[in-house]
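The primary structure of each chain is shown beneath.
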Amino acid sequence: MNPQAALIFIASLMLGTTITISSNHWIMAWTGLEINTLAILPLISKSHHPRAIEAATKYFLTQAAASALVLFSSMTNAWYTGQWDITQLTHPTSCLILTSAIAMKLGLVPFHFWFPEVLQGSPLTTGLILSTIMKLPPITLLYMTSPSLNPALLTTLAILSTALGGWMGLNQTQIRKILAFSSISHLGWMAIIIVYNPKLTLLNFYLYAVMTATIFLTLNTTKVLKLSTLMTAWTKAPSLNTMLLLALLSLAGLPPLTGFLPKWLIIQELTKQDMALAATIISLLSLLSLFFYLRLAYCTAITLPPHTTNHMKQWRTNKPTNVTIAILTTITVMLLPIAPMILTIV
């Protein structure tokens, strides 16, 4: 892609995100979401492969439908209350429509079908943008409207997302699809707590974005797209692959690593809100996604290919690891000990 064109699209992404997260009026928030959608489409379809074109088309149709629902929800609220302010969303029907629209934008179950397909058709760097930056504006809208939302509906969506995100990732061999189902599962954790403690949702999102960025950038460095190539990629950059192992375990939420922090705090908050049953169910369902993280980790650094066919081993690269990956990996693995300090900031 032409560097000038890429710069325009990335700048438009930043602009759209900034407009949405800083707006008070529904029309401005909708405008930001539309700019975001239009700016990411060329980045998805830049390879001109039929699968990439298909992914861009699916993304456009779902996001257009979700944006229309956001507009419909805000107009219904304005019709009944005379308020266009985002924080003044008080009409029950508007809240219901908005929850559906944001669930569609984020890829929460039952509006999740587009997300794995779109991620599979996108390059790794675009996949990273789709999984992190593109989720920020909808989550911000949920954060701003959280006092008005229906807790029972969000809890149901969250538990279904965690269940299906774990379940459907079990038999995947394509890493981008596995990461898409991982994203759906994590969004379930964010959705369940948004009504009770919105700041925890943002903390979970930030940590999820850091951990996912680590994994996507590492895979982009080693040029790995499926499990069979992941098994033979360890010769390329052994130390980087070892850190990928730890990053995957962190994303799974295992205790000594950063990923355990949001899960721990969310379970604690749910218990305080007398939702011990929901906390138990969502914790047990996260074991499903733990299985495919462990399988990824196993393929990354613990096993050799389990068959006798000859594999072309990759040449080891002497290229130094990117500083960004080094910083992100450190945060992904070692943030848990400073949890008290993070909590005082939050």
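Bear in mind the structure is a predicted one, so any value in this text is a computation, not a measurement.

What counts and what doesn't
- Residues numbered from 1 in each chain as written.
- Predicted model: local features only at pLDDT ≥ 70, side-chain atom pairs only at ≥ 80, totals over all residues.
- Heavy atoms only, no water.
- Helix = DSSP H or I, 4+ residues; strand = E, 2+ residues; numbered from the N terminus.
- Expected span 1.5 Å × (residues − 1).
- Bend = angle between axes of the 7 residues up to and from the residue.
- UniProt positions renumbered as here; feature names shortened; annotations may be inferred.
- Salt bridge = Lys/Arg side-chain N within 4 Å of Asp/Glu carboxyl O.
- Buried < 20%, exposed > 50% of the residue type's maximum accessible area, 1.4 Å probe, protein only.
- Patch = residues over 30% accessible without salt bridge, like charges linked within 9 Å, V, L, I, M, F, W, Y side chains within 5 Å.
- Areas by Shrake-Rupley, 256 points an atom, 1.4 Å probe, with all protein chains shown as cover.
- Axes fitted to C-alpha atoms, helices over the stretch in contact; angles between N-to-C directions.
- Parallel < 35°, antiparallel > 145°, perpendicular 65-115°, else oblique.
- Contact = heavy atoms within 4.5 Å.
- Nonpolar A, V, L, I, M, F, W, Y, C, P; charged D, E, K, R; others polar.
- Arc of directions from axis to C-beta.

**Points about helix α14 (residues 276-302)**
Stage number 1. The end-to-end C-alpha distance of α14, which contains 27 residues, comes to 36 Å, matching closely the 39 Å that a straight helix rising 1.5 Å per residue would cover.
Stage number 2. The largest bend along α14 measures about 25 degrees and falls at Ser 289.

**A closer look at the UniProt feature "domain: NADH:quinone oxidoreductase/Mrp antiporter transmembrane" (unreviewed entry) in the chain**
Stage number 1. The feature "domain: NADH:quinone oxidoreductase/Mrp antiporter transmembrane" (unreviewed entry), as given by UniProt, occupies residues 23-288 in the numbering adopted here.
Stage number 2. A distance of 38 Å separates the end C-alpha atoms of residues 23-288, which is 76% helix and 0% strand.

**Let's talk about the pattern of salt bridges**
Stage number 1. Here the structure, examined in full by the defined rule, presents 3 salt bridges.
Stage number 2. For the salt bridge of Glu 117 with Lys 58, the shortest nitrogen-to-oxygen distance reads 3.8 Å. Of this pair, Glu 117 sits in helix α5 (residues 114-121) while Lys 58 is found in helix α3 (residues 50-81), placing the two residues 59 residues apart along the sequence.
Stage number 3. Glu 117 sits in the partly exposed class, given a relative accessible area of 27%.
Stage number 4. Look at Lys 58 and you get partly exposed, because its relative accessible area is 29%.
Stage number 5. The structure contains a network of salt bridges with shared partners spanning Glu 54, Lys 58, Glu 117 and Lys 177.

**Some points on a nonpolar patch on the surface**
Stage number 1. There is a patch of nonpolar side chains on the surface, built from Ile 10, Met 14 and Ile 133 and spanning about 220 Å² of accessible area.
Stage number 2. Summarising the element assignment, Ile 10 is placed in helix α1 (residues 3-22).

**Points about unusual backbone geometry**
Stage number 1. Here the amide bond leading from Val 109 into Pro 110 is cis, since omega sits at 5 degrees, within 30 degrees of zero.
Stage number 2. Its place among the elements puts Pro 110 in the loop between α4 (92-106) and α5.
Stage number 3. The backbone of Lys 223 shows a phi angle near 55 degrees, a positive value even though the residue is not glycine.
Stage number 4. Mapping Lys 223 onto the fold places it in the loop between α10 (198-222) and α11 (227-232).
Stage number 5. Note on Lys 223: relative accessible area 58%, which makes it exposed.

**Some words on the packing of α5 against helix α6 (residues 124-131)**
Stage number 1. Here α5 crosses α6 at 150 degrees, and the two axes come no closer than 8 Å. Viewed along their axes, α5 and α6 adopt a mutual orientation that is roughly antiparallel. Residues Phe 115, Val 118 and Leu 119 of α5 form the contact with α6, whose participating residues are Gly 127, Leu 130 and Ser 131.
Stage number 2. A class-by-class count of the residues in the contact of α5 with α6 yields 4 nonpolar, 2 polar and no charged.

**Observations concerning α1**
Stage number 1. The terminal C-alpha atoms of α1, which comprises 20 residues, lie 28 Å apart, in line with the 28 Å expected from a rise of 1.5 Å per residue.
Stage number 2. Residues of α1 that are buried: Leu 13, Gly 16, Thr 17, Ile 19 and Thr 20. Seen along its axis, α1 keeps its buried residues to an arc of 160 degrees; they face one direction. In α1, the exposed residues that point more than 90 degrees away from the buried face are Pro 3, Gln 4, Leu 7, Ile 8 and Ser 22.
Stage number 3. In this structure, the buried residues of α1 make contact with α2 (26-44), α6 and α7 (136-145).

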